[in-house]
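Notes for the structure review
Here is what each chain is made of, one letter per residue.
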Amino acid sequence: MKTRIRNFTEEELKKKFIALGYPVYRAGQVFKWVQGKNVSSFSEMTNLPKTIIEKLDEKFDINKLVCADRKKGKDGTQKFLWELAKGEYVESVLIRDRKRRTICLSTQAGCKFKCPFCASGKGGFKRDLDVSEIVGQVMEIQEITKEKATNIVFMGMGEPLDNYDNLTNAIRILNDKNGQDLGGRKITVSTCGVVPGILKLMKLGIQVELSVSLHATNDKLRDELVPVNKKYPLAELLSACTKYFKATSRVITLEYALIKDKNDSVKDADAVSRIAHRIKAKVNLIECNSYKYYSPTPGRVQRFKERIMAQGSTVMLRRSRGSDILAACGQLAGGKSS
């Protein structure tokens, strides 16, 4: 059975080439073709001798994702449905904002963490995506739209830190100058609060941004809204965030989905501000896009934001993009009808 060549970082591919008896520089050439130029076949690699092309064809496969559906929203957002080789489906999103082109990636088919306001876990967890399936989303979107990504956010289906090894190898490939050459600070990893993953990520050596789904400021409510809190409660999560900041000097973003009559009071705003001060984080407010919960009125959202600002915290309000095509935060489900 052939191995997916896009699953390898450049360093891993060099080791494969050494084992095959080929010069190391040939691995760099191949890596650039498959991870930088998105070729469909080894025969397109014009600077390789025929003998190496034949050996690559014998041992490896270039796993190109199949786009099963593409939707375009009124605000320019695009959603892509990918049919994977094993019969599952995942979605990713291209968000346009002036000169910025942000691609929101999935790391798992389904999700095992089952936050009640997020559609990704409704159908249950299927499996982790491999590296080729993660980076492939970027390359195929760029090929389809003819637009180069400026930013990557791991905020699609699944919990990125639950698929840690494949996530971090995908980051290495996207960051590699012979891959997509994206700076670490242009890549954001979002987590619902998988503490061991946060502590591992801070040692990665690439200055990626970290975004943490807070959504509640006490364990009782967070147990309901972010069930992983039962395993990694708030105190443990905030301790990990503090360690991450001290180790990397990267300011964490606290994601906070505002839910009407649930977590949108003045008391909640004050608690969010205290947490942000404690771990030196900034706050990203989101108007809830859930099938189950409702967002507060615009006036109440604005008051919540102003209350946090008044206490000296950096706070932003992230407007929903692509909600008309179910591409907004919490709406990706990976189904043909979504």
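All of these numbers come straight from a predicted model, not from anything done at the bench.

Focus on the packing of helix α8 (residues 234-248) against helix α9 (residues 266-279)
Contact geometry of α8 with α9 gives a least axis separation of 9 Å together with a crossing angle of 40 degrees. Taken as axis vectors, α8 and α9 run oblique relative to one another. Residues Leu234, Ala235, Leu238, Cys241, Thr242 and Phe245 of α8 touch α9, and the partners they reach there are Ile275, Arg278 and Ile279. Its residues placed into classes, the contact of α8 with α9 shows 7 nonpolar, 1 polar and 1 charged.

Points about the sheet that holds strand β6 (residues 100-104)
Strand order in the open sheet formed by 10 strands is β3-β4-β5-β6-β9-β10-β11-β12-β13-β14, and the pairing between neighbours is mixed. Looking at strand neighbours, the two that pair on one side only are β3 (66-72) and β14 (315-318), the edges of this open sheet. This sheet shows a mean twist of 20 degrees between the axes of neighbouring strands, independent of strand direction. Across the sheet, helix α4 (residues 131-145) touches β3, β4 (78-83), β5 (89-97), β6 and β9 (151-154), and the angle it forms with β4 is around 125 degrees.

Examining α8
With 15 residues, α8 should reach 21 Å at 1.5 Å per residue; the first-to-last C-alpha distance of 21 Å fits that figure. Of the residues making up α8, those classed as buried are Leu234, Leu237, Leu238, Ala240, Cys241, Tyr244 and Thr248. The buried residues of α8 occupy an angular sector of 155 degrees when projected down its axis, which confines them to one face. Structural note: α8 exposes Ala235, Lys246 and Ala247 on the side pointing more than 90 degrees away from its buried face. Buried residues belonging to α8 abut α6 (195-201), β11 (209-213), α7 (219-225) and α9.

Here's the deal with the packing of helix α1 (residues 10-20) against helix α2 (residues 24-36)
Put simply, α1 and α2 touch, their axes get as near as 8 Å, and they point 130 degrees apart. Considered as vectors, α1 and α2 are oriented oblique to each other. When the axes of α1 and α2 are compared, the crossing they make is right-handed. For the pair α1 and α2, the contacting residues are Glu10, Leu13, Lys14, Phe17 and Ile18 in the first and Val24, Arg26, Ala27, Gly28, Val30 and Phe31 in the second. Per-class residue counts for the contact of α1 with α2 are 7 nonpolar, 1 polar and 3 charged.

Brief notes about the pairing of β6
Buried residues dominate β6, accounting for 4 of its 5 residues. In terms of strand pairing, β5 meets β6 through 5 bridges, oriented antiparallel. Following the sheet pairing, isoleucine 95 is matched in β6 by threonine 102. Turn length for the β5-β6 hairpin, with the two strands adjacent in sequence and antiparallel, is 2 residues, and the turn residue arginine 98 shows positive phi of about 55 degrees.

Things to note about the environment of isoleucine 198
Along the chain, isoleucine 198 turns up in helix α6. Taking relative accessible area as the criterion, isoleucine 198 reaches 0% and is therefore assigned buried. Along the backbone, isoleucine 198 and aspartate 219 are 21 residues apart, and their C-alpha atoms lie at a distance of 19 Å. In this structure, isoleucine 198 is in contact with Leu161, Thr191, Leu210, Leu237, Ala240 and Tyr244, ignoring residues within four places of it in sequence.

Considering the pattern of salt bridges
All chains considered together, the criterion is met by 19 salt bridges. Residue arginine 321 pairs with aspartate 75 through a salt bridge whose shortest N-O separation is 3.2 Å. With a gap of 246 residues between them, arginine 321 in the segment after β14 and aspartate 75 in the loop between β3 and β4 connect regions that are remote in the sequence. Among the residues examined, aspartate 75 registers a relative accessible area of 33% and is labelled partly exposed. We note a salt bridge from arginine 96 to glutamate 147, for which the minimum N-O separation is 2.3 Å. Placement of the pair is arginine 96 in strand β5 and glutamate 147 in the loop between α4 and β9, with a sequence separation of 51 residues. By relative accessible area, arginine 96 is classed as partly exposed at 24%. With a relative accessible area of 18%, glutamate 147 lands in the buried category. Counted as one network, the salt bridges with shared partners bring together Arg4, Glu88, Arg127, Asp130 and Glu133.

Section: α1
Within α1 the residues assigned to the buried category are Glu10, Leu13 and Phe17. The arc that holds every buried residue of α1, seen down its axis, measures 60 degrees, which confines them to one face. Residues Glu11, Lys15, Ile18 and Ala19 are exposed on α1 and point more than 90 degrees away from its buried face. Those residues of α1 hidden inside the fold are in contact with α2 and α3 (50-59).

Let's talk about the environment of aspartate 324
With respect to the helices and strands, aspartate 324 occurs in the segment after β14. Sequence-wise, aspartate 324 and lysine 72 are 252 residues apart; in three dimensions their C-alpha atoms are separated by 9.0 Å. When sequence neighbours within four positions are dropped, the list of residues in contact with aspartate 324 reads Gly73 and Lys74. A polar side-chain atom of aspartate 324 sits 3.0 Å from the main-chain amide nitrogen of lysine 74.

Conventions adopted
- Residues numbered from 1 in each chain as written.
- Predicted model: local features only at pLDDT ≥ 70, side-chain atom pairs only at ≥ 80, totals over all residues.
- Heavy atoms only, no water.
- Axes fitted to C-alpha atoms, helices over the stretch in contact; angles between N-to-C directions.
- Helix = DSSP H or I, 4+ residues; strand = E, 2+ residues; numbered from the N terminus.
- Parallel < 35°, antiparallel > 145°, perpendicular 65-115°, else oblique.
- Contact = heavy atoms within 4.5 Å.
- Nonpolar A, V, L, I, M, F, W, Y, C, P; charged D, E, K, R; others polar.
- Pairing = 2+ DSSP bridges.
- Expected span 1.5 Å × (residues − 1).
- Buried < 20%, exposed > 50% of the residue type's maximum accessible area, 1.4 Å probe, protein only.
- Arc of directions from axis to C-beta.
- Left-handed = near helix turned anticlockwise from the far one by under 90°.
- Salt bridge = Lys/Arg side-chain N within 4 Å of Asp/Glu carboxyl O.
- Polar contact = N/O pair within 3.5 Å; in protein donor to acceptor, adjacent residues only side chain to side chain.

The values are spatial; any link to function lies outside them.
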